[in-house]
Amino acid sequence: MNQENEAINASAKASEWMAALDTQMEPIDDSNEDEETTPIPACTLREMGYREPRDGFNKKLYSKTDYKEYIIHQMNTVISNQQKPDIVVYIRGQKFNCHLAVLKTCTKLAKDVRFPNGLIIAHKDVTAKGFELAYDWMIHQDSTLKRKDIVELYMAAEYMQMPELLTHLWSLFHEETLVTDVMAFQIYLECLSYGRSKLQSLMLNRVRRFFLSAVTTEEYLRLEFEAVFEILGHCNICVNSEMEIYYSAVRWLHHDWLKRKEYAPGIMEVVQFQLMPSQYITSIKEELQELHNIPAVQTIINGALSSENMQQNPNRRHWVYDEKIPHHHNSACPRWRCLDLTAFNTYLEQIIAAGPNYSESLRDRSRSYIMPCCQSALQRKILEK
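Everything numeric here is computed off the predicted structure, so don't read it as measured data. (Residues numbered from 1 in each chain as written. Predicted model: local features only at pLDDT ≥ 70, side-chain atom pairs only at ≥ 80, totals over all residues. Heavy atoms only, no water.)

**Observations concerning the pattern of salt bridges**
Using the following cut-off: Put simply, a salt bridge is a Lys or Arg side-chain nitrogen that is within 4 Å of an Asp or Glu carboxyl oxygen. A helix here means a DSSP run of H or I that spans at least four residues, while a strand means a run of E at least two residues long, and both kinds are numbered starting from the N terminus. Note on classification: 1.4 Å probe, protein chains only; a residue is buried when its accessible area is under 20% of the maximum for its type, exposed when over 50%, partly exposed between these limits.
In the structure shown here, the tally under the stated rule is 8 salt bridges. The partner of E242 in a salt bridge is R317, and the shortest N-O contact between them spans 2.8 Å. One end of the pair, E242, is in helix 12 (residues 242-255); the other, R317, is in the loop between helix 18 (307-310) and strand 5 (318-321), with 75 residues separating them in the sequence. Since its relative accessible area comes to 1%, E242 is described here as buried. Residue R317 is classed as buried on the basis of its relative accessible area of 6%. Across the pair D322 and K324 runs a salt bridge whose closest N-O atoms are separated by 3.1 Å.

This is how it looks when you write it as structure tokens:
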């Protein structure tokens, strides 16, 4: 009803305007073409009676699905091909053309910061290669990673605060079929210059059976005191006895005895002498007098063998054995040979000859297990008594 009234009123008003026009119109006089004419009066659409449809104009807009996919594809092409970059990142004399939107999306470092003159990353832990790999991961779905670059990538991701990439890298570090014991040692070595204790600890915990193979390497001999102390003190490294720990320490000390002599007491602190037979300690004192004549070393050994320390439960290693190695046999076995420095060096030569897969030859040694040949020898000895 209201609409009908409004339409009637609008029609009446329009009639009034038309009548007004009739009264204002004058005969056309060609002689007065230059004179101003009265403008035609105007009205709004509403005054003319136009109204929006009561139900509005609710129409759904459609587009071809492949067209939207095309838009996404084109955006990906621009980003992945680094077309029209809008920020330059400088790292150690190298520059990288990037998209700021990508950096802000993938890193917390760039989220709330403006870089009007580009971004300079001068942190000692971030290399150009590390950033390149990190940015490649941001813009490609199929980026690849080489083993030798994993630590540099990790350091860049950690500095730029990239939680998704860091989570992915940690999953790789924990994948034992991917990160083998020898690879764990390599990654551990690479972490040392960065001082990342969390990653170092994880990798050292994974070295395990590769430990003695690692001792044969030049990389081990070149390690600083702190790293050797950390390795030899770890409970998860695999050895047949504490004597192998002792000779591994001696090997590092003798590599540069004049300079490393001062570290002898510190290195001997991680050797658990209370796990060695007392007669064996007597023999090593005679074998390596220069080492054992150091008063601080004597104090450490005497303290470890004190009655108080002997009653404590030592931090035992992960015990293993190899049937081919003489000193891994029981002393009652005819194949057994006492372990001294010469025998230990011979053992290391055998490990080198066996190659990087020697760790596969080692077997877990439980407290109750005795090799068959050793078992037979013990039984014969008991019968002889």
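**Re the side chain of T216**
To be explicit about the condition: By definition in these notes, contact holds between two residues if any of their heavy atoms fall within 4.5 Å.
When you line up the elements, T216 lands in the loop between helix 9 (211-215) and helix 10 (218-221). The exposure class assigned to T216 is buried, which follows from its relative accessible area of 16%. Those residues in contact with T216 that lie beyond four places of it in its chain are R251, L348, I351 and I352.

**A look at the pairing of strand 5**
Spelled out, the test is: Paired strands, in this sense, are two strands between which DSSP finds at least two bridges.
Bridge count for strand 4 (residues 238-239) against strand 5 is 2 bridges, and the pairing is parallel. By the bridge assignment, C238 is partnered in strand 5 with H318.

**Thoughts on the sheet that holds strand 6 (residues 363-364)**
The mixed open sheet is built from 3 strands, whose spatial order is 4-5-6. Because the sheet does not close on itself, it has two edges, and the strands there are strand 4 and strand 6. Bridge analysis of strand 5 against strand 6 gives 2 bridges, and the strand direction is antiparallel. Considered in strand 6, the bridge of Y321 is made with R363.

**Section: helix 17 (residues 295-304)**
As a reminder, the rule being used: Here, the arc refers to the directions that run from the helix axis to the C-beta atoms.
Of all the positions in helix 17, only V297, I300, I301 and A304 are classed as buried. Seen along its axis, helix 17 keeps its buried residues to an arc of 95°; they face one direction. Summarising the geometry of helix 17, the exposed residues directed more than 90 degrees from the buried face are P295 and T299.

**Focus on the packing of aromatic side chains**
Selection rule: Pairing of aromatic rings covers Phe, Tyr and Trp, the last counted by its six-membered ring, and requires centre-to-centre distances within 6.5 Å; plane angles under 30 degrees mean stacked, over 60 mean edge-to-face, and any other angle means tilted.
Going through the model one piece at a time under the given rule, you end up with 13 aromatic pairs. Their ring planes at 70° and their centres at 5.8 Å tell us that Y154 and F173 sit as a pair that is edge-to-face. Pair noted here: Y154 is in helix 5 (residues 150-160) and F173 is in helix 6 (residues 163-173), with a separation of 19 residues, a long-range link. Here the two residues Y154 and F173 agree in accessibility, since each one is buried. Ring geometry for Y247 versus F344: centroids 5.7 Å apart, planes at 25°, classification stacked. Of this pair, Y247 sits in helix 12 while F344 sits in helix 19 (residues 341-354), and the two are 97 residues apart along the sequence.

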